[in-house]
Amino acid sequence: MMKWTLPIVAVFILSACQSAYYGTMEKFGVEKRDILVDRVDDARDSQSDAQEEFRSALERLDTMLNIDGGELEQQYNALRDDYEDSKGAAEKVRSRIDEVDEVANDLFDEWSEELGEYSNDNMRRESERQLRETERRYAELLRVMERAADKMQPVLDKMQDNVLYLKHNLNAKAIDAIRGEFSNLQNDISVLIKDMEAAVAESNRFIEAMKDSQS
């Protein structure tokens, strides 16, 4: 019984905290749609940061594959740091997407419930039309963001393989072995960056549409 009770209590506490947060923000004139826009903005920035981290790691590996001799250990340490930074950036992207989805679902639930409170049919229909349009735009945004995010882990796995292999084989032979795999990793990161750029562009469109609907 206890193993089921604890998760239920945790969900209740989190829900209560979220409700308290929304209530506090509303007192300052900040509605859920404003919070959603802010979180999409944060998610966009995290994806831009992740692009730079992955690009930096790729450039580091490229440099490492074109040097000989004593600089290998120094470059390996920098590559390992780049991998860890890329991993952290990927985790932040995932976290930001979850935060966006949380407030979006809360906004749409609230909006849908409030449709039943209208006495004016024309206003209700117009509000419902705006809700469906916002849901449609958001579904596209979420699809594009998640498509880019889903490609991060396979790239991180390949980067980790390179880092682990070099850790125990820091020599010219190891560099030659990795060089043979470099083009595949380069292509994967290029595709990932392209998808992230698309997600950033879609985020900008969503933010502008939300702002335009309020003006």
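About the criteria used
- Residues numbered from 1 in each chain as written.
- Predicted model: local features only at pLDDT ≥ 70, side-chain atom pairs only at ≥ 80, totals over all residues.
- Heavy atoms only, no water.
- pLDDT = per-residue confidence, 0-100.
- Helix = DSSP H or I, 4+ residues; strand = E, 2+ residues; numbered from the N terminus.
- Contact = heavy atoms within 4.5 Å.
- 1 Å grid on protein atoms, 1.4 Å probe; cavity = no way out; pocket = protein on both sides within 12 Å on 5 of 7 lines; lining within 4 Å.
- Points joined across faces, edges and corners; volume = space filled by probe spheres on them.
- Nonpolar A, V, L, I, M, F, W, Y, C, P; charged D, E, K, R; others polar.
- Salt bridge = Lys/Arg side-chain N within 4 Å of Asp/Glu carboxyl O.
- Expected span 1.5 Å × (residues − 1).
- Buried < 20%, exposed > 50% of the residue type's maximum accessible area, 1.4 Å probe, protein only.
- Arc of directions from axis to C-beta.
- Phe/Tyr/Trp six-rings, centres within 6.5 Å; stacked < 30°, edge-to-face > 60°.
- Axes fitted to C-alpha atoms, helices over the stretch in contact; angles between N-to-C directions.
- Parallel < 35°, antiparallel > 145°, perpendicular 65-115°, else oblique.
- Left-handed = near helix turned anticlockwise from the far one by under 90°.

### With respect to the confidence of the model for the protein
Chain-level statistics for the protein give a pLDDT mean of 88 and a share of 91% at 70 or above. The lowest-confidence element of the protein is helix H1 (residues 2-27), averaging 58 in pLDDT; the highest-confidence one is helix H4 (residues 121-150), averaging 97. Low pLDDT (under 50) marks residues 1-13, which in the prediction has 0 contacts with non-local residues, meaning those over four places away or in another chain.

### Examining the layout of surface pockets
When its volume is computed, the largest pocket comes out at roughly 360 Å³. For the largest pocket, the lining is made up of 17 residues, of which Arg-33, Trp-111, Ser-127, Gln-130 and Ser-213 are closest to its centre. In terms of residue count, H4 provides more of the lining of the largest pocket than any other element does, 6 residues in total. Of the residues belonging to the lining of the largest pocket, the class tally is 4 nonpolar, 5 polar and 8 charged.

### Thoughts on the pattern of salt bridges
Under the defined criterion, the tally for this structure stands at 21 salt bridges. By sharing partners, the salt bridges in this structure join Arg-124, Glu-128, Arg-132 and Glu-135 into a single network.

### Section: helix H5 (residues 152-168)
For H5, with 17 residues, the first-to-last C-alpha span of 25 Å sits near the 24 Å given by 1.5 Å per residue. Buried within H5 are the following residues: Met-152, Val-155, Leu-156, Met-159, Asn-162, Val-163 and Leu-166. Angular distribution of buried residues about the axis of H5 spans 120 degrees; they occupy a single face of the element. Turning to H5, the residues buried within the fold contact helix H2 (32-64), helix H3 (72-114), H4 and helix H6 (172-214).

### A look at empty space enclosed by the protein
Inspection of every chain in the model, using the stated rule, returns 1 cavity of 30 Å³ or more. Looking at the largest cavity, its volume works out to about 50 Å³. The wall of the largest cavity is formed by Ala-57, Leu-61, Leu-79, Tyr-83, Met-159, Asn-162, Val-163 and Leu-185. Among the elements of the structure, H2, H3 and H5 are those that each provide at least two residues to the lining of the largest cavity. No other element matches H5, which puts 3 residues into the lining of the largest cavity. Here the lining of the largest cavity is built from residues that sort into 7 nonpolar, 1 polar and no charged.

### Some words on the side chain of Glu-202
Mapping Glu-202 onto the fold places it in helix H6. Accessibility expressed as a relative area gives 13% for Glu-202, which makes it buried. Apart from residues lying up to four places away in sequence, Glu-202 is in contact with Glu-140, Leu-141 and Val-144.

### As for the packing of aromatic side chains
Here a ring pair, both rings aromatic, is described through the centre-centre distance and the interplanar angle of the planes. Counted by the stated rule, this structure contains 2 aromatic pairs. Arranged with centres 5.8 Å apart and planes meeting at 65 degrees, the rings of Phe-108 and Tyr-138 form a pair that is edge-to-face. Of this pair, Phe-108 sits in helix H3 while Tyr-138 is found in helix H4, placing the two residues 30 residues apart along the sequence. You can call Phe-108 buried: its relative accessible area is 8%. Counting every residue linked through ring pairs, the aromatic cluster contains Phe-108, Tyr-138 and Phe-206.

### A few points about the packing of H3 against H5
Each pair of packed helices gets described by two things: the angle between the helix axes and the distance between those axes. Running from N to C, H3 and H5 cross one another at 160 degrees; their axes reach a closest spacing of 10 Å. Comparing their axes, H5 and H3 come out roughly antiparallel. The handedness of the crossing between H3 and H5 is left-handed. Within the contact between the two elements, H3 uses Tyr-76, Leu-79, Arg-80, Tyr-83, Ser-86, Lys-87, Ala-90, Val-93 and Arg-94 and H5 uses Met-152, Leu-156, Met-159, Gln-160, Val-163, Leu-166 and Lys-167. Considering only residue class, the contact of H3 with H5 consists of 10 nonpolar, 2 polar and 4 charged.

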